[in-house]
Amino acid sequence: MIGAIDMFKTKFIIAAVAAMVGLTSVSAQAAEAGAPIERQNWSFAGIFGTYDENQLQRGFQVFREVCASCHGASLIAFRNLSEPGGPGFSEEQVKALAAEYEVEDPTAEGGRRPGIPADRWPSPFANDQEARDANGGSLPPDFSVLAKARGVTDPFPTWVFNYFTGYQEGGADYIHALLNGYHDEVPETAPEGFELAEGKYYNDYFPGHAIGMAPPLSDGLVTYEPGEDGVTVPETVEQYSTDVAAFMMWMAEPHLVSRKQTGFVVLLFLVLFAGLMYATKRKLWAGIEH
Amino acid sequence: MSEHSTYTPGNSVEKWLDDRLPVVRFAKEHLMDFPTPKNLNYWWTFGAILVMCLGIQIVTGIILAMHYTPNVAMAFDSVEHIRRDVNGGRIIQAVHAVGASMFFVALYIHMFRGLYYGSYKAPREIIWILGVLIFILTVATAFMGYILPWGQMSFWGATVISNIFSAIPVVGENIKQLVLGGFAVGNPTLNRFFSLHYLLPFVIAAIVGLHIWALHVPGNNNPIGVEVKESRDTVAFHPYYTMKDLFAMVVFMIPFAWFVFFAPDILGHPDNYIMANSQVTPAHIVPEWYLLPFYTILRAIDFNVLFIDSKLGGVIAMGGALVMLLILPWLDTSKVRSGTFRPMFKWFYWLFAINFVALTYLGAQPAEGIYTVLAKVCTAYYFIYFLVVLPVLSRIETPKPLPTSISESVLGKAHA
């Protein structure tokens, strides 16, 4: 009976800890005045989440053929693309890919040489100023951790549940929404008196709605190779944006899969260990009125 | 405390050591035989949990410092380097970052336990005051640690908070420049904060030593607040409380591990994944959650009082909120320690606890509309609790009859 009371107290403490953490959210960002962002069904969500290799390869293709002409990924090395938990390219493929790029190397003849897997992804512009000049004054952000630098603001009480579901896909959801949020003309849903500056584009989800990036994707822009089993994937903005958002999540968190796998084992161990510790504690205290 | 010692040196080497440096005797007295009230509940395990938290932060922090570069051009990428390329780095970094939040969860629970059970009352005033100093130093350490990843929230958080110093009349601006190492947050700030962030945990550890020393003079308070009267009121610290504390630590590790492995970024802010940029201000500058109650009090004073402008007023209020804790043992003069036997105190205590959660919540909200009104109300209650409620209750409240001893209370519970 005393044991049961102890157990109740323990549960109460756990609940109190969780509640305290839960009640004190500080999440607030991106889509300040934008439309609510729809959550996508990501393969890497949840405690058993893993990246879909095919999706990452497609996302990489979109990144390389479209995004990479303006956006850098300075923390990503070519070798990362063949590392476990990623897009699953072979080392030969990565070697061949790296060799297609020229990288700066002061020790090489002429200051440039073909890339090797250890090189970082080459930046499209030499510096920020050059990037701004080429993009109408806007600076295309680096992609390395961008998927974690964006998020979704959930109203109460949704964010309380996020602590228990471990919702960490706000960045990917935001990127997907942004890429699908363009309008050719300023829509009626725009804030009253909204005037679009020249060289800007209207986007439902971008803070302030006026984004410097022209709609980067269009249906059929990137040609996906059919899989070995002949399965094809639609070549639509919706599909491209989902794939590239997944790839960006991988860039920001390349070890996500092994982290979650380790975590599952750790939690399982801790729960079993706590059970054994509790049984020991109970036995030890059995003869003591307390 | 030698009266508790049952230590007899087992052989001539132990005897030789015991005559010169009695560390084994000390450990036996204080870590094993120490008589501890047998009726402590699980709220009492947070002291041990906090020792564990401090240990985790120091060990992970020392390893992180081996790979971290305190330079404005390289700090942000060096943290990513730890996450991406250092063996085990992503887990060590996540444990350290999540560990800061877990530290404060445990710290607040530990403090609220002391507030409910009157653990600050004579003869334990110094334990409590040392605890408040530990809390203040931990806040400072955590705040400086948050600057180190050099993200947008790091930079702007430091900018906003360091402005507090400039509110001090006459010398404020000079103090602020001394703290920052310049006119604004920059490379000198990052370097000195890194240095102090490495130093302070060891200062905290030393004060924790004093905190436990002071605890071992009168011994633990307990849930009924009646002092230990005879040896059957107590059990030896080891194995009874070592086992219970270890169990509680393992349970505490479960939510800890949940965040580390499944939601390592949920307690942080996405903006901190954008490198610090003095030219771009984030839409909302929000400190880490554990600073929010005091941040709310700082912001609540948005009006001038005579010659004190709102800025200085806010700083005085925030400092005052901590001073309340320091002088608490002399504000609550009720002889009864435990809230369990104080029918009126209980209500005001729980209101205070809810009020504190509300202060935390309000700190994350924009300072506009209804939020500013609520912030003022909650700030007012924070001070009223200490300055009015506790002194008045001490005089007018009729406590429930106390059990004569711990043993009697325990037997009563068992037979009920």
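Here the structure is a predicted model, which means the values were calculated and not measured.

### Focus: the overall build of chain B
So, point 1. Scanning chain B from N- to C-terminus turns up 15 helices and two strands.
So, point 2. Residues classed as buried in chain B amount to 45% of the 416 residues present.
So, point 3. Considering only residue pairs separated by 6 or more positions, chain B has 77% of its internal contacts joining residues 24 or more positions apart.

### Details of the overall build of chain A
So, point 1. Looking only at helices and strands, one finds eight helices and five strands in chain A.
So, point 2. Reading chain A from its N terminus to its C terminus gives the helix and strand order α-α-α-β-β-α-α-α-β-β-β-α-α.
So, point 3. Here chain A holds 290 residues, and the buried ones make up 34% of them.
So, point 4. Considering only contacts in chain A between residues 6 or more positions apart, those separated by 24 or more positions represent 64%.

### Examining the confidence of the model for chain B
So, point 1. On average, residues of chain B score 94 in pLDDT, and 98% of them reach the 70 mark or higher.
So, point 2. Within chain B, no element has a lower average pLDDT than helix α15 (residues 406–415) of chain B, which sits at 79, and none a higher one than helix α3 (residues 46–67) of chain B, at 98.

### Some details on the nonpolar core
So, point 1. Core analysis: the biggest nonpolar cluster contains 151 residues, and A246(A), F247(A), M248(A), M249(A), M251(A), V98(B) and A106(B) have the highest contact counts within it.
So, point 2. With 19 residues, helix α5 (residues 89–117) of chain B is the largest single contributor of residues to this core.
So, point 3. Contacts of A246(A), omitting those with residues within four sequence positions, involve W42(A), Y51(A), Q55(A), L56(A), G59(A) and A172(A).
So, point 4. Among the nonpolar cores identified, the runner-up in size contains five residues, and I224(B), V226(B), I406(B) and V410(B) belong to it.

### Looking at the packing of helix α11 (residues 292–300) of chain B against helix α13 (residues 343–363) of chain B
Residue and element names in this part refer to chain B.
So, point 1. One way to put it is that α11 packs onto α13 with a least axis distance of 7 Å and a crossing angle of 75 degrees. As the angle between them shows, α11 and α13 are arranged roughly perpendicular. Facing L292, P293, Y295, T296 and I297 of α11, the residues of α13 in contact are F356, L359, T360, L362 and G363.
So, point 2. Residues of the contact of α11 with α13, tallied by class, amount to seven nonpolar, three polar and no charged.

### Notes on unusual backbone geometry
So, point 1. The step from F156(A) to P157(A) runs through a cis peptide bond, and the omega angle for that step is 5 degrees.
So, point 2. Residue position: P157(A) is located in the loop between α4 (128–134) and α5 (158–165).
So, point 3. With an omega of 5 degrees, the peptide bond between H238(B) and P239(B) qualifies as cis.
So, point 4. Along the chain, P239(B) falls in helix α10 (residues 237–262).
So, point 5. With a phi close to 70 degrees, H209(A) is a non-glycine residue in the positive phi region.
So, point 6. With respect to the element layout, H209(A) can be found in the loop between β4 (201–203) and β5 (210–211).
So, point 7. A count of 23 C-beta atoms within 10 Å places H209(A) in the buried class.
So, point 8. Here V170(B), not a glycine, exhibits a phi torsion of approximately 65 degrees, which is positive.
So, point 9. Mapped onto the elements, V170(B) comes out in the loop between α7 (152–162) and α8 (172–180).

### Here we look at the interface of chain A and chain B
So, point 1. Taken together, the contact between chain A and chain B spans 50 residues of the former and 48 residues of the latter.
So, point 2. The set of elements that each furnish at least two residues to the side of chain A that touches chain B consists of α1 (2–22), α5 and α8 (256–285) of chain A.
So, point 3. The element best represented in the side of chain A that touches chain B is α8(A), accounting for 16 residues.
So, point 4. For the side of chain A that touches chain B, a count of residues per class yields 28 nonpolar, 14 polar and eight charged.

### Let's talk about the packing of α3(B) against helix α9 (residues 187–215) of chain B
Two quantities define a packed helix pair, namely the angle between the helix axes and the distance between the axes.
All names here are of chain B.
So, point 1. Two elements in contact, α3 and α9, have axes whose closest approach is 11 Å; the angle formed by their N-to-C orientations is 155 degrees. When the interaxial angle is binned, α3 and α9 end up roughly antiparallel. The way α3 lies across α9 gives a crossing that is left-handed. On α9, the residues touching V51, L54, Q57, I58, G61 and A65 of α3 are Y198, P201, I204, A205 and V208.

### Overview of the domain arrangement of chain A
Interfaces are often sized by the accessible area lost when the parts come together.
So, point 1. For chain A, the assigned domains read domain 1 (27–76 + 120–254) and domain 2 (257–290).
So, point 2. The straight-line distance from the C-alpha centre of domain 1 of chain A to that of domain 2 of chain A is 41 Å.

### Some remarks on the environment of W44(B)
So, point 1. Mapped onto the secondary structure, W44(B) falls in the loop between β1 (35–37) and α3.
So, point 2. The spacing of W44(B) and A300(B) is 256 residues in sequence and 33 Å in space, taken between C-alpha atoms.

### Side note on α13(B)
So, point 1. Over its 21 residues, α13(B) extends 31 Å from the first C-alpha to the last, a length consistent with the 30 Å expected when each residue adds 1.5 Å.
So, point 2. Where α13(B) is concerned, the buried positions are F345(B), F348(B), F352(B), N355(B), F356(B), L359(B), T360(B), Y361(B), L362(B) and G363(B).

What counts and how
Residues numbered from 1 in each chain as written. Chains lettered and ligands numbered in written order. Predicted model: local features only at pLDDT ≥ 70, side-chain atom pairs only at ≥ 80, totals over all residues. Helix = DSSP H or I, 4+ residues; strand = E, 2+ residues; numbered from the N terminus. Buried ≥ 20, exposed ≤ 12 C-beta atoms within 10 Å, placed from the backbone. Contact = placed C-beta atoms within 7 Å. pLDDT = per-residue confidence, 0-100. Core = buried A, V, L, I, M, F, W, Y, C linked by C-beta atoms within 7 Å. Axes fitted to C-alpha atoms, helices over the stretch in contact; angles between N-to-C directions. Parallel < 35°, antiparallel > 145°, perpendicular 65-115°, else oblique. Nonpolar A, V, L, I, M, F, W, Y, C, P; charged D, E, K, R; others polar. Left-handed = near helix turned anticlockwise from the far one by under 90°. Domains from an automatic or database assignment. Expected span 1.5 Å × (residues − 1).

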